[in-house]
Amino acid sequence: MADTAKPTSEPPPFWRSLEERSGSEQVFVSLEYEFPRGASVWDDTEQNRRQFLQLMGGSIALAGAAGCNSEPPEHIMPYVHAPEAMVAGIPLQFATAMTTPDGALGLIVKSNMGRPTKVEGNPLHPASLGATDAQAQASILDLYDPDRSQTVVHLGEISTWPDFVDGVRSAIEELRSRNGAGLHLLTEPITSPTLARQLRELLDVLPAARWHEYTPLGREKARGGALWAFGQEVQPVYSLAAADVIVTLDSDFLSTGAGAARYARDFAIRRPPQADGAEPNRLYAIESSFTPTGAAADHRLAVRPSEMAMLGLGLCNRLGAEIPSEAIEASHSHAGWLDAVADDLRAHAGRSMVIAGEQQSAAVHAMAHALNAALGNAGTTVRYIAPMDANISDRRETLSALVEALNGGGVELLLIMNGNPVYNAPAELNFLTSLQRAKQAVHISQYNDETSEWCQWHVPVAHYLESWGDCRAYDGTAAIIQPLIAPLYGSKTDHEVLSALFDASPQQGYDLVRATWQQERPEGFEPFWEQVVRDGVIANSQAEAVTPQIVWDSANAPEGTGANTGGADLQIAFRGDPSIHDGRYANNGWLQEVPKPLTKLTWSNAVILAPATADELGVKTEDVVRLEYDDRSVEGGVLVQPGHPPGTVTVHFGYGRKRAGRIGTDLGFDAYSIWTGASAGGGVKLIPTGEKQLLARTQHHHLIDGRNIVYSATAVENRENPAAGLPHAVHHGEASLLPEWDYDGFAWGMSVDLTKCIGCNACVVACQAENNIPIVGAEGVARGREMHWLRIDSYYLGEPDNMHVVQQPMMCQHCEKAPCEPVCPVAATTHSEEGLNEMTYNRCVGTRYCSNNCPYKVRRFNFFEYNAQAETTPVLKLLHNPDVTVRSRGVMEKCTYCVQRINAARIDAKKQAIGTDQKPHIADGSLQTACQTACPSQAIVFGDINDPNSRVAQLKKEPRNYGVLSELGTQPRTTYSVQLRNPNPALSQGS
């Protein structure tokens, strides 16, 4: 091994932005600057120094004025006897689940003295297995959002819950004599067994009432594809750990959808070298927008939306998957690429899968089903289950049917339960005009938003951390939602609202959920209930597999296929935002500020173009253009993104909100205003306006100038040479004039596998939630002042239209010979006896010498009182982790390896060692950092490198392991493993 594991010659250079690749002066970073240009409070001009003094003087004056004010009186009633489990300073853990329209994610939530402060994944839940996503991590901030709806509103005036119940019940009583005719309910997709039971009972009692389901990023097209192919509605569930070859048809399965956290884990398991010598999996991605799944692919084909159905049919023809294709023309383009993919799928029949994206047409979904059936994947790597709302799916109607009823004047009472259709309904439905024809409309939601404004009644609904409920995961597994805190504003759950309006004896959420499961498990219910509340998941409750057969039901054949649209014209693709989804998280500052995967855009959406398309149209990044589509128009800033398919415009939903709250209102542009309901279309026009828009992007921030710090190799190269991809330089720099540190106890270190990282941002938001990291706003980000202790850098290799990507999480490296330590004049940054590079905040005087001396550019300076709002808004004071200091302005901060968790584990270990002769021992894997626990792909491993049997110590011994800039002699404690790819030899590696 020692003879073969030799570093290779210097690898080809990676690049991070088009400006860097071209050597443009627009790269806002220079060796002369510690931060990207403009990050400092002042620059070299006299005027800006004067402005700085004015800012300082104003801040000091405000501080003095604040000191003259007395705090408002606060009345606190102490416990007569504290709950037995509650010990001051010791957090408790509770199992619950977060619901989304796609399904549930099982969680374990930490509670400090009765207030939830941190979300982790539930290892027992199949959709989580201990991991989370960025939205789940940020949901704590939603709970404490002061902009949440706090009162019942009637006709724009504050009202009360009893008045609402009395008023609406009286209207319902009038409809009972007509069996509910005139009553309409609009919900998002139902994933709750209890809510489904309540709706079923309601519709049985009032058979003339009508239930409609809508969400802009729903499964209507997937449902249509299943009905056409199988003649019945089914949902596919994928076993990625068993798949050798995966082909996606515009599916971002690694980062979107309820199963994404589980799918990312199962996919990543098969990426690194396998212990049994088995080949890693291979991923082909055909997509019309650049996604994290496409970035992780071994081969990626960027195509226009109109080509997707043609390429799918091309695979069907090659693999003998017969499909009625009168309306679809098989693609003759990319023939060689399709031949190689088809051969690979054929060679791995039964151990492969084809996945269609939710936004793709029903025809493309049907093609995926036909391909999986022809390859023998159904029942092995792909299984089918009944939909989560199967017991009421026969009563489901569409939003279009509701609009038709509204326009016909037949809606006496409309109950809109969550969702925001006034904002996110397709523009062609003109939903607002139709809504105003309802005699009475009720909106039940967490925010008094765009839909609430036009309803007679608005009722605040409880956050999931305030609620009793239940929900199903992507595979049908049921979980119990239990509250960790009483409703902050007296809000109700969906269950309680329906019960109050329709039941003779209204019940609380707890009783309603228990009643559902008492019907399911009548024998031994109490032990069962105690178990499921403790575990947070109902064991063996996943949906049973069904075995549908391809029948091509002509009655359900789709009218349109999604093929041959747009011709040679510019085409448009509509997508949900990777951070704020369909706009429901628009008021969450953490999700607004986290850089979106690949584009690294914050606080806005953009008109995304390929470099070639931008050149053809004569526009550049931050040019404002008018986007005209289907006789509607909207204006937005251009973002030129390498890897984006030429001839295509991508716009993301979720922005342009008018009543989102103080964070999310008036950001970006409203893509729904030009959306017809189709995921793509042709005939788009882009007209430059001559204006500019600042786009707060981070891709060009914190460049490590002129150095290659990420490395990539193929699986074959790695098998022949385990150190393939690494240059000689990464093994240099071990000698040092500084003394060596001696560690008798623990020595903490981290390993990050670049093969597994998908750049999903779960770790970034988890770090923010754990360590009380503030947001700085769009202007602060544009100046390079973002405070994230952990960033994910995207590196590209190859040409802008044909490249592969490496995602690299970058945080403090906790160097053995840390350059930051000897330059601090006040010893604020020091080396601990366990190898941590520590920060003492109350010593720091803000010289920033440490940041200037850090080659990794991972230190963040707190320029302003970014936590001021949290300190002055009572509800936000509940948000902070009490184990971590809330920093004021003027101090340097950075990753600490979650030292608070290390200290807690060390204290527990010492307690366990009392009365024994053994040294304190922390079991490997029992101590994990916030980023590690959140990571769905298990790319991050942390532990004691002094323990030779620890997982992190074993990873650091692998030939793929290297330290970033180790040639400088810093000896970083965080090391990385070379990214490995598994390209098809029949295709060029860049394809």
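Student: Can you tell me about the overall build of the protein chain, naming the residues and giving the values?
Tutor: Counting its secondary structure elements, the protein chain contains 28 helices and 40 strands. The buried share of the protein chain, taken over its 991 residues, is 60%. Total accessible area computed for the protein chain in this model is approximately 38,900 Å², and 51% of it derives from carbon and sulfur atoms.

Student: Which residues make up the environment of valine 109, and what values do they have?
Tutor: Turning to its location among the elements, valine 109 is positioned in strand E2 (residues 103-112). Distance in space between the C-alpha atoms of valine 109 and threonine 96 is 7.2 Å, their sequence separation being 13 residues. Excluding residues within four positions of it along the chain, valine 109 makes contact with Leu92, Gln93, Phe94, Thr96, Pro116, Lys118, Val119, Ile140, Leu465 and Leu484.

Student: Quick rundown of the packing of helix H15 (residues 494-502) against helix H16 (residues 509-520)? Include the residues and the values.
Tutor: Angle between the axes and distance between the axes: these two values describe a pair of packed helices. Between H15 and H16, the least distance of the axes is 9 Å, while the angle of their chain directions is 95°. Between H15 and H16, the crossing angle belongs to the class labelled roughly perpendicular. Across from His495, Glu496 and Ser499 in H15, the residues of H16 making contact are Gly509, Leu512 and Val513.

Student: Go over H15, please, and point to the residues and values.
Tutor: Most of H15 sits out of view: nine of its nine residues are buried. Among the residues of H15, those classed as buried are Asp494, His495, Glu496, Val497, Leu498, Ser499, Ala500, Leu501 and Phe502.

Student: Can you explain the pattern of salt bridges? Please cite residues and give values.
Tutor: A side chain with one charge can pair with a side chain of the opposite charge if their charged atoms come near. Throughout the structure, instances matching the rule amount to 44 salt bridges. Each of Glu213, Arg223, Glu233, Asp389 and Arg396 takes part in a single network of salt bridges with overlapping partners.

Student: Can you break down the sheet that holds strand E16 (residues 440-445) residue by residue, with the values?
Tutor: Taken together, the eight strands give an open sheet; going across it, the order is E5-E4-E17-E16-E15-E6-E7-E14, and neighbouring strands pair in mixed fashion. A single partner strand is all that each edge strand has here, and the edge strands are strand E5 (157-158) and strand E14 (396-397). Where strand E6 (residues 183-187) meets strand E15 (residues 413-417), five bridges bridge the pair, whose relative direction is parallel. Directly across from leucine 185, in E15, lies its bridge partner leucine 415. The sheet strands contacting helix H5 (residues 193-205) are E6, strand E7 (210-213) and E15, and the helix crosses E6 at an angle near 165°. Its contacts with the sheet put H15 on E6, E15 and E16, and the angle it makes with E15 is roughly 160°.

Student: Residues and numbers for the pairing of strand E27 (residues 680-692), please.
Tutor: Successive residues of a regular strand alternate their side chains across the two faces of the sheet. Here strand E21 (residues 570-575) pairs with E27 via three bridges, running antiparallel. Paired with alanine 573 across the strands is alanine 680, a residue of E27. The pairing of strand E24 (residues 623-629) with E27 spans five bridges and is antiparallel. Directly across from arginine 626, in E27, lies its bridge partner isoleucine 687.

Student: Run through helix H26 (residues 899-913), naming residues and quoting values.
Tutor: Compared with the 21 Å implied by 1.5 Å per residue over 15 residues, the 21 Å span of H26 between its first and last C-alpha is a close match. Every buried residue of H26 is accounted for by Gln900, Arg901, Ile902, Ala905, Arg906, Ala909 and Ala913. Residues of H26 that are buried make contact with strand E3 (115-121), strand E30 (748-753), helix H21 (762-770), helix H27 (930-934) and strand E37 (940-944). Glycine 915 sits one or two residues past H26 and shows a positive phi near 85°.

Student: Can you break down the side chain of threonine 933 residue by residue, with the values?
Tutor: By the element assignment, threonine 933 lies in helix H27. On the basis of relative accessibility, which here comes to 12%, the residue threonine 933 falls in the buried class. A distance of 2.9 Å separates a polar side-chain atom of threonine 933 from the backbone oxygen of alanine 930. Excluding residues within four positions of it along the chain, threonine 933 makes contact with Glu120, Gly130, Ala131, Arg901 and Gln928.

Student: Account for the nonpolar core, with residues named and values stated.
Tutor: The biggest cluster of nonpolar side chains holds 166 residues, and the ones touching the most others in it are Ile246, Phe253, Trp748 and Tyr962. In this structure, Tyr214, Leu406, Val625 and Val649 belong to the second largest nonpolar core, which totals 41 residues.

Student: Quick one: what's the story with a negative patch on the surface, residue by residue and with numbers?
Tutor: A cluster of acidic residues, Asp742, Asp744, Glu833 and Glu838, forms a negative patch at the surface. Looking at the element boundaries, aspartate 742 is found in the loop between helix H20 (715-720) and E30. Its relative accessible area of 64% is what places aspartate 742 among the exposed residues.

About the thresholds
Residues numbered from 1 in each chain as written. Predicted model: local features only at pLDDT ≥ 70, side-chain atom pairs only at ≥ 80, totals over all residues. Heavy atoms only, no water. Helix = DSSP H or I, 4+ residues; strand = E, 2+ residues; numbered from the N terminus. Buried < 20%, exposed > 50% of the residue type's maximum accessible area, 1.4 Å probe, protein only. Areas by Shrake-Rupley, 256 points an atom, 1.4 Å probe, with all protein chains shown as cover. Contact = heavy atoms within 4.5 Å. Axes fitted to C-alpha atoms, helices over the stretch in contact; angles between N-to-C directions. Parallel < 35°, antiparallel > 145°, perpendicular 65-115°, else oblique. Salt bridge = Lys/Arg side-chain N within 4 Å of Asp/Glu carboxyl O. Pairing = 2+ DSSP bridges. Expected span 1.5 Å × (residues − 1). Polar contact = N/O pair within 3.5 Å; in protein donor to acceptor, adjacent residues only side chain to side chain. Core = buried A, V, L, I, M, F, W, Y, C linked by side-chain atoms within 4.5 Å. Patch = residues over 30% accessible without salt bridge, like charges linked within 9 Å, V, L, I, M, F, W, Y side chains within 5 Å. Lys, Arg positive; Asp, Glu negative; His and termini not counted. Charge placed at Lys NZ, Arg CZ, Asp CG, Glu CD.

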